[in-house]
Amino acid sequence: MNYIPRSQWLRMWQASEPSHIKDLAKQVSATCSVTDLHIPKAGLGLLQLCDSAMGDAYFLGEIPVTKAHVRIHSPNGHVAEGAAICMDDRAGLTRAMAILDGVLAAKLPGWELVERSLQAGAVHVQADAALRRANLSATKVDFSLLSTLDEDDDA
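Rules behind the numbers
Residues numbered from 1 in each chain as written. Predicted model: local features only at pLDDT ≥ 70, side-chain atom pairs only at ≥ 80, totals over all residues. Heavy atoms only, no water. Salt bridge = Lys/Arg side-chain N within 4 Å of Asp/Glu carboxyl O. Helix = DSSP H or I, 4+ residues; strand = E, 2+ residues; numbered from the N terminus. Buried < 20%, exposed > 50% of the residue type's maximum accessible area, 1.4 Å probe, protein only. Phe/Tyr/Trp six-rings, centres within 6.5 Å; stacked < 30°, edge-to-face > 60°. Lys NZ or Arg CZ within 6 Å of the ring centre and 35° of its normal.

### Topic: the pattern of salt bridges
As enumerated under the stated definition, the model contains five salt bridges in all. Residues R71 and E81 are paired through a salt bridge, measuring 2.8 Å at the closest nitrogen-oxygen approach. Taken together, the residues R71 in strand β2 (residues 57-73) and E81 in strand β3 (residues 79-86) connect sequence positions ten residues apart. R71 sits in the partly exposed class, given a relative accessible area of 29%. A salt bridge links R132 to D128; the shortest N-O distance between them is 3.0 Å. Highlighted residues: R132 and D128, both in helix α4 (residues 111-138), separated by four residues, approximately one helical turn. Here R132 falls in the exposed class, since its relative accessible area comes to 57%. For D128, a relative accessible area of 36% translates into the label partly exposed.

### Digging into the packing of aromatic side chains
A full pass over the atoms with the stated rule returns one aromatic pair. One cation-aromatic arrangement involves K107 over W111; the distance from NZ or CZ to the ring centre is 4.2 Å.

Okay, structure coming up:
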């Protein structure tokens, strides 16, 4: 299987069906004890950007943000932590991704299923990227023809 860095895991899971992610988290944590280290929260965050001309910071607007942090105690005595911060308003989904994060990072029982879901999400992300590249290619404009028209007008 292809190696996917942990920093990309949430992106891959977000490309999957939310119901699949929640069901998978329930399945792999069924025999475990999951404790919320921070209660899953949903709220709004301000999206700050930097003006390209003057370099001044400005706020583009509000975005939904959820975060979750869990500790997982497996039946074999292993303990792991998982966390997720998503641009989303579904705290339950974010908590499910935090559980998957902890299970996969610590290779707790069921981690193989979680890794397969990660690979499936990667396929969705790659397909989306290919579609975006195709759309970008289809809308490409050749501005070199404009320069020849300007030269003809001067004559």
